[in-house]
Amino acid sequence: MGAGLRFAMGFQGYVPLLLALSACCFLAAARLPLVINTWPYHDAVQRAWDTLQSGGSALDAVEKGCSQCEVDQCRGTVGYGGSPDEYGETTLDAMIMNGNTIEVGGVGQLQRIKSAISVARAVMEHSSHSLLVGESASIFAQNMGFLSEDLTTNKSVSMHLEWLSKKCQPNFWKNVLPNAETSCGPYKPMKGLRSKKHRMPAEMINVHNHDTIGMIVIDKSGSIAAGTSTNGLRHKIPGRVGDSPIAGAGAYADSTVGAAAATGIGDIMMRFLPSYQAVEYMRFGIEPTIACQKAITRIQKYYPQFFGALICANRTGGYGAACSKSPELDQFHFMVYNPLTASEQIVDCI
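Here is a short report on the structure shown in this document. (Residues numbered from 1 in each chain as written. Predicted model: local features only at pLDDT ≥ 70, side-chain atom pairs only at ≥ 80, totals over all residues. Heavy atoms only, no water.)

Here's the deal with the pattern of salt bridges
To keep it simple, the criterion reads: For this analysis, a salt bridge means a side-chain nitrogen from Lys or Arg found within 4 Å of a carboxyl oxygen belonging to Asp or Glu. Numbering of helices and strands starts at the N terminus; helices are DSSP runs of H or I of at least 4 residues and strands are runs of E of at least 2. Burial status follows relative accessibility: with a 1.4 Å probe on protein chains alone, a residue under 20% of its type maximum counts as buried, one over 50% as exposed, and anything between as partly exposed.
Applying the stated criterion to the full structure yields 10 salt bridges. Between E125 and R121 there is a salt bridge, and its shortest N-O distance comes to 2.9 Å. Of this pair, E125 and R121 both sit in helix 5 (residues 116-126), four residues apart, which is roughly one turn of that helix. Residue R121 is classed as buried on the basis of its relative accessible area, which comes to 12%. The network of salt bridges with common partners includes D60, E63, R121 and E125.

As for the nonpolar core
Condition: Put simply, buried Ala, Val, Leu, Ile, Met, Phe, Trp, Tyr and Cys residues joined by side-chain atoms within 4.5 Å make one nonpolar core. What makes two residues a contact is simply this: any of their non-hydrogen atoms within 4.5 Å.
Ranked by internal contacts, the top residues of the largest apolar core, which has 88 residues, are V35, M215, I216 and F332. Take this core: its biggest share by element is seven residues, from helix 5. Among all residues touching I216, those that are not within four sequence positions of it are L34, V35, I36, I224, A225, A226, A259, A260, A261, I311, C312 and A313.

Quick look at the state of the cysteines
Note the following rule: Cysteine sulfur atoms are paired as a disulfide whenever they come within 2.5 Å of each other.
Taken as a whole and judged by the stated rule, the model has four disulfides. Between the sulfur atoms of C69 and its disulfide partner C74 the distance amounts to 2.1 Å. The disulfide joining C69 to C74 has a torsion of about -100° about its S-S bond and is therefore left-handed. Accessibility assignment for this pair places C69 and C74 in one class, buried. The disulfide bridge from C292 ends at C312, spanning 2.1 Å between sulfur atoms.

Considering the packing of helix 4 (residues 58-72) against helix 5
Here is the rule: Axis angles are defined between N-to-C directions and span 0 to 180 degrees, where every axis is a line fitted to C-alpha atoms and, for a helix, only to the segment in contact. The classification used treats Ala, Val, Leu, Ile, Met, Phe, Trp, Tyr, Cys and Pro as nonpolar, Asp, Glu, Lys and Arg as charged, and all other residues, Gly among them, as polar.
At a closest axis distance of 8 Å, the pairing of helix 4 and helix 5 adopts a crossing angle of 150°. On helix 5, the residues that touch L59, D60, E63, C66, S67 and E70 of helix 4 are A116, I117, S118, R121 and M124. Partitioned by chemical class, the residues of the contact of helix 4 with helix 5 number five nonpolar, two polar and four charged.

Here we look at the sheet that holds strand 4 (residues 131-133)
Note the threshold: For two strands to be treated as a pair, DSSP must find at least two bridges joining them.
In space, the eight strands of this open sheet follow the order 4-3-2-8-7-1-13-14, with mixed pairing throughout. Every interior strand has two partners, whereas the edge strands, strand 4 and strand 14 (341-348), have only one. Recorded for the sheet is a direction-independent mean angle of 10° between the axes of neighbouring strands. Relative to strand 8 (residues 224-230), strand 7 (residues 213-218) runs antiparallel, the two being bridged by six bridges. Residue pairing across strands places V217 opposite A225, the latter belonging to strand 8.

Quick notes on the packing of aromatic side chains
Selection rule: Working definition: a ring pair exists when centres of Phe, Tyr or Trp rings (six-membered ring for Trp) sit within 6.5 Å. Plane angles under 30 degrees give stacked, over 60 give edge-to-face, the rest tilted.
Using the criterion set out here, one finds eight aromatic pairs in the structure. On the numbers, 5.0 Å between centres and 80° between planes, the contact of W39 with F332 is edge-to-face. Placement of W39 in the loop between strand 1 (34-38) and helix 3 (42-53) and of F332 in strand 13 (residues 331-338) is noted, with a sequence separation of 293 residues between them. Each member of the pair, W39 as well as F332, carries the same accessibility label: buried. For the ring pair W49 and Y337, a centre distance of 4.4 Å and an interplane angle of 10° mean the geometry is stacked. In this pair, W49 sits in helix 3 while Y337 sits in strand 13, placing the two residues 288 residues apart along the sequence. Neither W49 nor Y337 differs from the other in exposure class; each is buried. Taken together through their ring pairs, the aromatic side chains of W39, F307, F332 and F334 make up a single cluster.

Brief notes about the sheet that holds strand 12 (residues 319-323)
Pairing between sheet strands relies on hydrogen bonds along the backbone, with the strands arranged either parallel or antiparallel. The strand order across the open sheet built from four strands is 9-10-11-12, with neighbouring strands paired in antiparallel fashion. Since the sheet does not close on itself, it has two edges, and those belong to strand 9 (251-254) and strand 12, each with one partner. Each strand axis lies, on average, 10° off the axis of its neighbour in the sheet, ignoring direction. Where strand 9 meets strand 10 (residues 258-264), four bridges bridge the pair, whose relative direction is antiparallel. Bridge assignment links Y252 to a residue of strand 10, and that residue is A260. Strand contacts of helix 10 (residues 274-283): strand 9, strand 10 and strand 11 (308-314), with the helix running at about 150° to strand 10, the strand carrying the most contacts. Along the sheet, helix 11 (residues 288-300) makes contact with strand 11 and strand 12, crossing strand 12 at roughly 25°.

Section: the pairing of strand 13
Extensive coverage of strand 13 is indicated by the burial of six of its eight residues. Here strand 1 pairs with strand 13 via four bridges, running antiparallel. Within the sheet, the bridge partner assigned to I36 lies in strand 13 and is V336. Both strand 13 and strand 14 contribute to a ladder of eight bridges, which runs antiparallel. Bridge pairing links H333 to I346 in strand 14.

A few points about helix 3
How we decide: By this rule the span expected of a helix is its residue count minus one, scaled by 1.5 Å. Note that the arc is computed from the directions linking the helix axis to the C-beta atoms.
Here helix 3 is 12 residues long and its end C-alpha atoms lie 17 Å apart, about the 16 Å a rise of 1.5 Å per residue gives. When we look at burial in helix 3, the residues that qualify are A44, V45, A48, W49, T51 and L52. Seen from one end, helix 3 has its buried residues packed into an arc of 155°, which puts them on one side. Buried residues in helix 3 make contact with strand 1, helix 4, strand 7 and strand 13. Count one or two residues on from helix 3 and you reach G55, which has phi positive near 100°.

Structure below.
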């Protein structure tokens, strides 16, 4: 008999104490494994869960779950054939993070390759880099054996032609000539007096333009992984990379603490590293929902009605979410799958 147990037996009430500890450990075990993802992407969370159940790792589950959304073209904001840029081309951003090793792989403005999340994993596992972008990222992917193919579809071509017919509205230029609010480019810098007003085009606050999949997986051994995939902003300026492939912005994972993943206006959210911030809050013992809320309110101090949301999970399988209330968003839907539930859940925005 261990000294600790003999010590406990010397006091009345040691049995309830041991029972309470056992119940606590059982509850923690019952919440793992865990898969959560942004938005009601049912097939993605199911694919990730099935991957775990067939013996896959947390990293495998994140890759397969996000890949499912890429194939399904979730809401037109993930995968090929969506969100054409000003040239009419669809490009992809993705990242994956290993919470055990703090290794990251990301791709930005990936062209001609459909499997963005898998290329991101290849960056992590077959290079010493954390992020590759543009044409060079596509060449890397081809060298790794990924098929090069056109990401354009009839739908994305139609979206681009409609945008051109509306004098390139909306767009993401400011302080340029000709007036970007009434004309297409090419643009040149405006000299002299400039507007100090923060211009936020309608596309930037449209809920259907920011449905990045962000996913967190904790396997039964406690290993944590997180990842994201998106085709970015519709009609973005070519070359733009959002928050999704940036570690700490799009997602962050640390198996000693937990993980977080973001969705929303990437150009704003990446300035605050909300996923990293939320994980650091959890490191100090703050529970996941509050950690998400605190990261959101930190951004709201500067952008009171920004569009964005976070999902968070701690290493024991506790989870939560938060969103910023805006004209386009007052509730946020996300998916949860663990031994206790498989459900779409909703939080009210703050």
